[in-house]
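# Fold and contact review
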Amino acid sequence: MLRVMTWNIRTGGRDRDGTDRRDRIVSVIAAQRPDVLALQELRGLDRTLGGLAERAGMAPYVARSWFGQPVAVLVRPPLRVLRAGRVRRPFHHAAARVEVATGAGPLTVFSTHLNPYSGGRRRMEADWLAAAVRRTGGELALLVGDLNTLDPGVEHTDRLAGLAPGYRRRHLRRDGRTVDTRAVARLLDGGLVDLWPRSGGDEPGGLTVPTRHGGAEFAGMRLDYLLATPALADRVRAVRVVRDGGADAASDHYPVLAELDLGP
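Read on for a plain summary of the structure. All figures in this text were calculated on a predicted structure; none of them were measured in a lab.

### What about the sheet that holds strand β8 (residues 141-146)?
Backbone-to-backbone hydrogen bonds pair the strands of a sheet. The strands run either parallel or antiparallel. The sheet built from six strands is open, its strands ordered β5-β6-β7-β8-β10-β9 with mixed pairing. Looking at the sheet topology across the chains shown, the edges are occupied by β5 (81-86) and β9 (193-194). By the bridge criterion, five bridges tie β5 to strand β6 (residues 95-100) in an arrangement that is antiparallel. Bridge pairing links Ala84 to Val98 in β6. Against the sheet, helix α3 (residues 119-136) touches β6, β7 (107-113) and β8, its axis set at about 170° to β7. This element, helix α6 (residues 182-189), spans β8, β9 and β10 (224-228) of the sheet and lies at about 15° to β10.

Listed below in structure tokens is the structure:
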């Protein structure tokens, strides 16, 4: 069984007031022992991620960012990395791509973090990612990360009404009324499968923000996704939001973990 986890760890695990959450982050990773770990918001960690990865027993593959924060994919031995790189488009943050060998063929994992401020930019970034998934040419691909986009299959009006206007605008179209779910919708229309509803989930909605650590810009949302090609979706055995082991104090996002019927 292959365990894949995605997690936005918030500003590299350190806060503006000096709070250092990196020990908490490592503790959560150690408790879950993912084989592949997608991380977002690695500010200040892009040059020192090797230390965190070493403590977690994993090898890091970083995609640096021109405008925002780096992202990465970490891989635990004995998984063998066939190739790694970044999606070469002007993302607000970045998108990392790592291909690993499995008994069912190569598995390509993308870790990304879409634009937090503009729905139009998120839609453009989603199109770039959909094209990158198509270019893999394989049946086994997984796109994960903080997509900063609400679920297109859920009603969000009441939930958004409780947000401050500046934060609410991030999730609305230009008319100021229509909820903007286009980025995730584009990826689903491109053939990817949202693993959360396919798994049965551990709770309705699979909300990933906010945690007890913080998140004034959130109102009980699912912003973190695992989207798979159909062949890979058929191999999903479980998906859950990780809320135990100190996860609610390690970041403003909860990690999401999937178990896939794959082996090295």
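### Looking at the packing of aromatic side chains
Tallied over the entire structure, the rule returns one aromatic pair. Taken together, a centroid distance of 5.3 Å and an interplanar angle of 85° make the contact between Phe91 and Trp128 edge-to-face. In this pair, Phe91 is assigned in the loop between β5 and β6 and Trp128 in helix α3, connecting sequence segments 37 residues apart. Residue class for Phe91 comes out buried when judged on its relative accessible area of 1%. Of note, Arg243 hangs over the ring of Tyr254, and the distance from its end group to the ring centre comes to 4.6 Å.

### Quick word on the nonpolar core
Judged by nonpolar contacts, the single largest core of 55 residues is most densely connected at Trp7, Ile29, Leu74, Leu142 and Leu260. If you tally residues by element for this core, the top one is strand β4 (residues 71-75), at five residues. The residues contacting Trp7, other than those within four sequence positions of it, are Ile25, Val28, Ile29, Ala38, Leu39, Gln40, Ala250, Ser251, His253, Tyr254 and Pro255. Among the nonpolar cores identified, the runner-up in size contains 20 residues, and Val87, Phe91, Leu187 and Tyr225 belong to it.

### Description of the pattern of salt bridges
Evaluation of the coordinates by the stated rule reveals 13 salt bridges. We note a salt bridge from Arg55 to Asp23, for which the minimum N-O separation is 2.9 Å. Within this pair, whereas Arg55 is found in helix α2 (residues 49-56), its partner Asp23 is found in helix α1 (residues 22-32), the two being separated by 32 residues in sequence. Given a relative accessible area of 53%, Asp23 falls into the exposed group. In this structure, Arg212 engages Asp248 in a salt bridge whose closest nitrogen and oxygen atoms are separated by 2.7 Å. You can see Arg212 sitting in the loop between α7 (195-199) and β10 and its partner Asp248 sitting in helix α9 (residues 247-250), a full 36 residues away along the chain. A relative accessible area of 72% places Arg212 in the exposed class. Connected through shared salt-bridge partners, Asp151, Asp194 and Arg222 make up one network.

Quick notes on the rules
Residues numbered from 1 in each chain as written. Predicted model: local features only at pLDDT ≥ 70, side-chain atom pairs only at ≥ 80, totals over all residues. Heavy atoms only, no water. Pairing = 2+ DSSP bridges. Helix = DSSP H or I, 4+ residues; strand = E, 2+ residues; numbered from the N terminus. Contact = heavy atoms within 4.5 Å. Axes fitted to C-alpha atoms, helices over the stretch in contact; angles between N-to-C directions. Phe/Tyr/Trp six-rings, centres within 6.5 Å; stacked < 30°, edge-to-face > 60°. Buried < 20%, exposed > 50% of the residue type's maximum accessible area, 1.4 Å probe, protein only. Lys NZ or Arg CZ within 6 Å of the ring centre and 35° of its normal. Core = buried A, V, L, I, M, F, W, Y, C linked by side-chain atoms within 4.5 Å. Salt bridge = Lys/Arg side-chain N within 4 Å of Asp/Glu carboxyl O.

Read these as spatial facts, not as claims about activity.
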